[in-house]
Amino acid sequence: MDYQVSARKWRPQTFEEVVGQVHVARTLTNAIRQGRIAHAYLFSGMRGVGKTTMARILAKSLNCASASNGPTVAPCQTCPSCLSITSGHSPDVVEIDGASNRGIDEVRELREAVKYAPMAGKYRVYIIDEVHMLTKEAFNALLKTLEEPPSHVVFIFATTEDHKIPSTILSRCQHFHFKRITRQEIIAQLERIIREEGIRITGQGLGLIAKAADGSLRDALSFLDQVVAYSGKEVNDQDLQVILGTAGRGPLMAMVKAILERKTAEALRIVKELADEGQDYRQFTSELLEYIRHLVIAKSSTAPEELIDLPSEEVEEIRQLSASAGVEELQRLFGIFSLALESFRGAVHPGFVLEMAVIRATRIQPLESFEKLLERFHLLERMLGEGGDRDLTGPRAEVAPDAPAVNAPAIKTDPLTGSATASAFKPGPSESAPVKAGQENPERSAGTGLPMEQWSRVVKRFLQEKPNLGSYLEKGIVQEWIAGDAKDVLVIGYDEGAAFFAEYIQKEESRPIVASALREVFQRPVELKVVRLERSAHEQQQLQLKKDQQERQHRQRIQQETMAHPLLKEALNILGGEVIDIKDA
Amino acid sequence: MSLETSFEMILGHAHPKAILKAALASGRVAHAYVFHGEAHIGKFMTAVAFAKTGLCADPPFDQSSGRPAPTSCNCCRSCRAIDSGSHPDIRLIRPDGAQIKIDQIREVQDALSYKSLIGTRKWCVIDDADALNPEAANRFLKTLEEPPDHSVLILITARPQALLPTIRSRCHAVRFHPPSQQDLLPWLQKHRAIAPTEAQLLAALSLGRIGIAAEADPAVLRRERDRVLEALAPERLGNPSDLFNEPEDLAATQEQLSKTLDTIEIWLRDVLIGRHLPEPSLLINQDIHDRISAWSRTVSTDQILEALTLIHLLKRAAPRNINHALVLETVLLELRDAVVREPAPGLKPN
């Protein structure tokens, strides 16, 4: 007898033997017991999960000669009918390759043939494999027969692509979907077979086969055959890795480590070693992707063992490795290598794709987590709120020379705010006007003796930056200026009706903002005191007048200063214009 | 066509050969194989050698195992028939035009249904199996699963992922890798009458594709490469009138363009590798490693990675109907940004 591959040799012959499709086997056996045999079945599912096998077992059950009354769930395997089906020569079980007999003519022949009664058994069973390859016409020609076939006929269709089956066919069949076979089920079946055949493979080796089989038992058995053909009945894990082309976890871990430690040369040497050992770059890349996925899971899950299908010591290894990487970083690595996986197609050499991906991966900057960034941002905000003197802008010194020269002087010559850019507030245009240069604090002594000028500047600034706080401050009236050694005190009064505003300004969150603004404008610490004013209507009027007068004085002074400015004079000279209005911006 | 080959004559491929020999020695030859790996590296010849060994009527006897050794005698009737390409028990299928069509598969199925004439098994080698059209591939499924007794089918492909998963699942997959430069060099020196430096160049530039290394003229390969690299010279890239005046034949046809892009890709790869690894043995363009290191010093890694990404993108778009010259210019412009520091001057009047 010619050597047979395991997938054929170990093809299950009874419903119980079929691996991983209990839902189908049970439905079919119950149907047989109750004598409710449908006249058309459709078996769909991915490659190598037992569709054709199940179809043959069903055919056997229907025709087993040793069963006294009708179909049996346990075909005897010894009667002529069972034997002829196993060997593929039964006159009553017709196995048709749908891909080779896909035309309407073949279906016409089939329609003629189904009329004849079975020769030996009770049923004529037509198994049409790869049924998705029938042409549209062929499917349509089959419809009538499929709806009402002679009572002795059972159709079994098998396909990997049920979406290609017309819905008119689907509705006439009992449709069974075959599941992927789990790794555990594959391992259990492999164990059974190697025990029978006297083959020795480690448990880890079986795990590797099951993983590579990716849900298909035929693939698993095919790998088993290959490795036995390669190394005989004693299989070691190295031989398995050669056959499966998997790198094993050594190189994977080394690669991940090299990447996380940004050791480009090291990582490139690992790629070189892969080539020397005849590893498949594409497969290595997809294994690397899976490994990165494990790392992410290990970082984000509290119980990674449940989600990572690996022995617990490897999970522990992964967990340790994952400690040195951030989730964001791993996500980016995942992105780089998934892209690489796509680039293999059309690359001049697959090794180059991996090399480039590795270089890219070792170059990503470690990302800080969003939480950390947010924390730093808040810290920065707080520091700015306390006053802009702290050096938060280290790198600025380097950047400044490169900054465009056009706007720089306006900011730099500002005498009041100094390094204006570090402040939370932009310098208002009035401060940055060159007119003010050299006048340190002339207003404090001028006029009423109260710092009206600075106060109005503070208010204006708030009106621009924080309008609501600004409008509240505006309601206040400057009462008193107490100069002190450590700090000055500015007393602001609020009228009876404006009590709400006074309260708001004294709130915990407003105070530091106001304080820092004051400090900046006055160039020294100033405490703001808020008092409540109790006055008669007359006094109120007086006060308002006084306030208006202060305002007028302020405007006059600005006008004088502006008119005296040499630049303006020069402009008037050259252009011959006249000044109509001066606006305080 | 001459198919003179044997396991011993095949360069490299230690793993595949070991797998196939072990299968022959243990009598566990599967009924279907997929040989996959890059094009032109010796998959087809290995398949023929496999069949030849399997069919050999008088294999040398292996004293240690007490059984025939898995090698071919190369002088029996069967071996000579294979060498001359006239063995009746081997069938070779190649794409008919762009595809392998259903009629060709029908022919295979017919041929396999007869008994073998000289040998013990019937062999069928299908080259470029990814060219199977859907009808042919599906028709082949049943045969691949349960072929007539004593038949072996070998599918050969450079694009295994283009095969139906149902086909792959029915075959034993054997992976082939390009032989390394170190393996290729002595072979070239032995089999081709060329100077050592030329052999070195050929071994490197062919990227292990022995089918190319065995036939290509090293002088032509070098000239073609240098012409592409000339277009990458900084002084050319920096001057727009030169940049847009790239030699027309670099992108005249789809084939030319993809060759040119391959050369650029290998060059950029060398520049990056040269920057990160000190040993020059890993470079492809070893003969001009001084130029490589000159680039390595000036161009940033990120810029090269950018350019490579662009090349991959364009390569994927290239089979569609796009302007070849435009593709090349896009790549050159990207490289100009990487190489030339100064902003490009305006078009100079001639």
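What you are looking at is a predicted structure, and each value in this text was computed from that prediction instead of being measured. In every chain, residue numbers begin from 1 and rise along the written sequence. The lettering of chains begins at A and the numbering of ligands begins at 1, in the order of writing. Whole-chain, interface and lining totals are the exception, using all residues; otherwise, since this is a predicted model, local features are given only for residues with pLDDT of at least 70 and side-chain atom pairs are given and counted only at 80 or more.

This brings us to the overall build of chain B. When helices and strands are counted, chain B shows 16 helices and seven strands. Expressed as lengths along the three principal axes of its C-alpha atoms, the size of chain B is roughly 80 × 45 × 30 Å. Residue burial is a threshold on neighbouring C-beta atoms within 10 Å of the residue's own C-beta, all placed from the backbone, with 20 or more meaning buried, 12 or fewer meaning exposed, and counts in between meaning partly exposed. Looking at chain B as a whole, 45% of its 350 residues qualify as buried. In chain B, 69% of the contacts between residues at least 6 apart in sequence involve partners at least 24 apart. Strands are runs of DSSP state E lasting at least 2 residues, helices are runs of H or I lasting at least 4, and numbering of each runs from the N terminus. Note on contacts: each residue gets a C-beta atom placed from the backbone, and two residues are in contact if those atoms are within 7 Å.

Okay, the overall build of chain A next. Helices and strands together make up the secondary structure of chain A, namely 28 helices and eight strands. Residues counted as buried form 36% of the 585 residues belonging to chain A. For chain A, restricting intrachain contacts to residue pairs at least 6 apart in sequence, the fraction spanning at least 24 positions comes to 71%.

For the domain bounds, the source is a domain assignment made automatically or taken from a database. Taken domain by domain, chain A holds domain 1 (6-177), domain 2 (183-244), domain 3 (249-363) and domain 4 (416-575). Domain 2 of chain A and domain 3 of chain A are separated by 25 Å when their C-alpha centres are compared.

One finds Ile156(A) and Val125(B) to be the most contacted residues of the largest nonpolar core, which totals 206 residues. With residues up to four places along the chain from it excluded, the contact list for Ile156(A) reads Tyr41(A), Phe43(A), Ala55(A), Leu58(A), Val125(A) and Ile127(A). Note on terminology: a nonpolar core is a set of buried residues of type Ala, Val, Leu, Ile, Met, Phe, Trp, Tyr or Cys, with members joined through C-beta atoms within 7 Å. With 20 residues, the next largest nonpolar core counts Val458(A), Ile477(A), Leu518(A) and Val521(A) among its residues.

Once that is clear, we can look at the packing of helix H9 (residues 203-213) of chain A against helix H11 (residues 237-244) of chain A. All names here are of chain A. Where H9 meets H11, the closest approach of the two axes is 10 Å, and the angle between their N-to-C directions is 10°. Taken together, the axis directions place H9 and H11 in an arrangement best described as roughly parallel. For the pair formed by H9 and H11, the contact residues are Gln 204, Gly 205, Leu 208 and Ala 212 on the first element and Asp 237, Leu 240 and Leu 244 on the second. Each residue gets one of three labels, nonpolar for Ala, Val, Leu, Ile, Met, Phe, Trp, Tyr, Cys and Pro, charged for Asp, Glu, Lys and Arg, and polar for the others, Gly among them. Across the contact of H9 with H11, the residue classes break down as four nonpolar, two polar and one charged. Axes here refer to lines fitted to C-alpha atoms; in helices the fit is confined to the stretch in contact. Angles between the N-to-C directions go from 0 to 180 degrees. An angle below 35 degrees is read as roughly parallel, one above 145 as roughly antiparallel, one from 65 to 115 as roughly perpendicular, and any other as oblique.

Another point: the sheet that holds strand E7 (residues 488-494) of chain A. All names here are of chain A. DSSP calls a pair of strands paired once it identifies at least 2 bridges connecting them. Across the sheet, which stays open at both edges, the three strands sit in the order E6-E7-E8 with mixed pairing between neighbours. Looking at strand neighbours, the two that pair on one side only are strand E6 (477-482) and strand E8 (526-532), the edges of this open sheet. When strand polarity is set aside, the average angle formed by the axes of neighbouring strands in this sheet is 25°. Across seven bridges, E7 lies against E8 in parallel orientation. Bridge assignment links Gly 493 to a residue of E8, and that residue is Val 531. On top of the sheet, helix H26 (residues 511-522) reaches E7 and E8; it is set at about 120° to E8, its chief contact.

Attention shifts here to unusual backbone geometry. Its identity is not glycine, yet Asp214(A) carries a phi of approximately 55°, on the positive side. The residue Asp214(A) is located in the loop between H9 and helix H10 (217-231) in this model. Here Asp214(A) falls in the partly exposed class, since 17 other C-beta atoms lie within 10 Å of it. Positive phi, normally seen in glycine, also occurs at Leu207(B), with a value near 55°. With respect to the helices and strands, the residue Leu207(B) is situated in the loop between helix H8 (196-205) and helix H9 (210-213).

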